[in-house]
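Here is how the chains run, residue by residue.
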Amino acid sequence: MAIRHRRHRVALVPLDDRPCNLKSPRALARLIDYEALVPQRSWLGRFSTPGNCEEISAWLREVVGAVDCAVISLDMLAYGGLLASRTMRTPPEVARQRLQGLRNIKAEHPNVAIFASNVIMRSSISASADRSGADWERVGRYSELVDLVQRFGRSEDAGELDRLKQDVPRDILSEYLAARERNHEINSLSVELVADGTIDWLALTQEDASEHGLHRQEQERLHALIRERGVQDKVALYPGADEAGMTLLARFAQVHMLRVPTIAVVFSSAEHAGRIAPFEDRPVEQSVNQHIAAVGAEQVAAEDDADIRCFVNAPVDFTRKELRDSEELQQQRRAELEGFVGDIAAQLDAERATVICDVAFANGADPVLIDLLFERAQICRLTSYAAWNTAGNSIGSALAHGVMRLIALQDKGAFELAGRLRSFDTMRYLGLLDSLIDSESQHVELLVSRFVDDWAYQTDVRERATEYMADRMRRSAFDLANGDEEAEQFVRAHLSHAAQELYLNHFLGRRCVRIGAGQRSAYLMPCELEETHIALPWGRLFEVDLGFTFGMQLVGQEEE
């Protein structure tokens, strides 16, 4: 337990400007009173428009001397972002040159830690209006078949592979393969930058993939290079992408504070822990283990010995639609999850740090789990929750939020200590209280945002918005053309109501965190929801940007 003397600063170069990459890491930083410096928003590009790599590099050189750590997406630094990394707009030699600049930064500022991430390219191309869904499926299948034929000798698949080579437009396949080759070269260079001391820690995150594909061959070569350079303790390779900024920030915070939080994992089903989640290439149990290590924590077997209990709602073998359409399946699912939710509720009642990784389905929550949580658990006391996009995205972001929340609660302890020190400066005491309230507000907003996004939006409002816009969209769900404003209005109208209901029923006036002990203890409680911000940041329905404004009240036990 320590009372901070100064605010720490981190330079953040995000993967792109979406909320998960720009907004969420900054929110985590605020949890522990870190200041996250970011480049100008206009330099980060938007959607298919790449970021300005030169401006970002110049900004990084300017600010790096004033920070404790630089959390850097090498995809932004080299190509201009995630989508740009899947195209050949950036030649290999230019990408290499941009990353070489990190050596100069490290030489000039050797005491500044550099934590970096780099994406291993997904199995297929970007799904967009100018590239049909059929091409997306064909390229993904092509990647899978090449791996099966070359690594496993599946000669029976050679005929289908030959046909796919003819069916996929030559320009699309050529750019896809060229981008893979260049990106693998840059991934290899990033390992070399770890080996020579430029990068202190590196996350190689595998974005959307399957059990078989070209990415598996690239992973094997990267693992061999990591072993050859002797940097196994400084490089991690695991499923993910959009959560990496949060993971790196959380890892740096643990390292900087000489902390190794312990985490016990509880699966909804031991059998299902061995399943591979959609868009991933390994069992979810393995992915959880790797994310725990990546965030700077240690996994322990005994729940009573753990700082955090991580509850994982494991992947299922049916779709969300099949669940919604079958009352029998819903009842079966409810019976399967009752004990799991009972354990979660007991942890929350005991005020123990509790994280939920809801990865039963991709791109949204398990509605049965949510119903049970709303009925039986004080979700306002959760340490974190996530169910967005891929399993890796959810696991990584939930764990990052969880370990950062632990640090915030440590600061709560410092505040309590300050109250018992008679010689402690009053202004410093009030400053600690302000920081504590700001941290708690940020935590509650993160938690509310995850439920509103992952449950209300992804599992309900997004589907209704897609149906509403079906006859207004020009080409596909990835391009709303001129209807993006109308789509945003629809989403805002329906989602704001859901957000208000959720906040009213589960957060308003609920005691979130205790301060002090015994008769003199008090609680922080969220006040009325004053404002809700809802937007579609990329003019498409895939993701939503959320923001909530509310007060936080310090309430004594006698006032409850």
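Overview of the structure. Values in this document were obtained by computation on a predicted structure and should not be read as measured data. (Residues numbered from 1 in each chain as written. Predicted model: local features only at pLDDT ≥ 70, side-chain atom pairs only at ≥ 80, totals over all residues. Heavy atoms only, no water.)

## Remarks on the pattern of salt bridges
Scanning all chains against the criterion turns up 38 salt bridges. A salt bridge links Arg103 to Asp196; its shortest N-O distance comes to 2.6 Å. Of this pair, Arg103 sits in helix α5 (residues 92–108) while Asp196 sits in the loop between α8 (170–195) and β5 (201–206), placing them 93 residues apart in sequence. Across the pair Asp200 and Lys106 runs a salt bridge whose closest N-O atoms are separated by 2.7 Å. One end of the pair, Asp200, is in the loop between α8 and β5; the other, Lys106, is in helix α5, and 94 residues separate them in sequence. Taken together, the shared-partner salt bridges connect Arg334, Glu338, Glu375 and Arg376 into one network. (Salt bridge = Lys/Arg side-chain N within 4 Å of Asp/Glu carboxyl O. Helix = DSSP H or I, 4+ residues; strand = E, 2+ residues; numbered from the N terminus.)

## What to know about the sheet that holds strand β6 (residues 235–239)
Overall, parallel pairing links the six strands, which are arranged β2-β1-β3-β4-β5-β6 in an open sheet. With one partner strand each, in any of the chains shown, β2 (35–37) and β6 form the two edges of the open sheet. Across the sheet, the mean angle separating the axes of adjacent strands is 20 degrees when strand polarity is ignored. Pairing between β5 and β6: five bridges, direction parallel. Bridge pairing links Gln206 to Pro239 in β6. Along the sheet face, α8 touches β4 (113–120), β5 and β6 and points at about 160 degrees away from the line of β5. (Pairing = 2+ DSSP bridges. Axes fitted to C-alpha atoms, helices over the stretch in contact; angles between N-to-C directions. Contact = heavy atoms within 4.5 Å.)

## Examining the nonpolar core
Side chains that are nonpolar tend, in soluble globular proteins, to be buried together. Grouped together as the largest cluster of nonpolar side chains are 59 residues, with contacts concentrated most on Tyr385, Val491, Leu495 and Phe507. Put simply, the parts of the chain that give this core at least two residues each are α13 (327–349), α14 (367–376), α16 (426–469), α17 (484–506), β12 (513–515), β13 (522–535) and β14 (545–556). The element that contributes the greatest number of residues to this core is α16, accounting for eleven residues. Residues Phe115, Leu248, Ala391 and Ile407 belong to the second largest nonpolar core, which totals 54 residues. (Core = buried A, V, L, I, M, F, W, Y, C linked by side-chain atoms within 4.5 Å. Buried < 20%, exposed > 50% of the residue type's maximum accessible area, 1.4 Å probe, protein only.)

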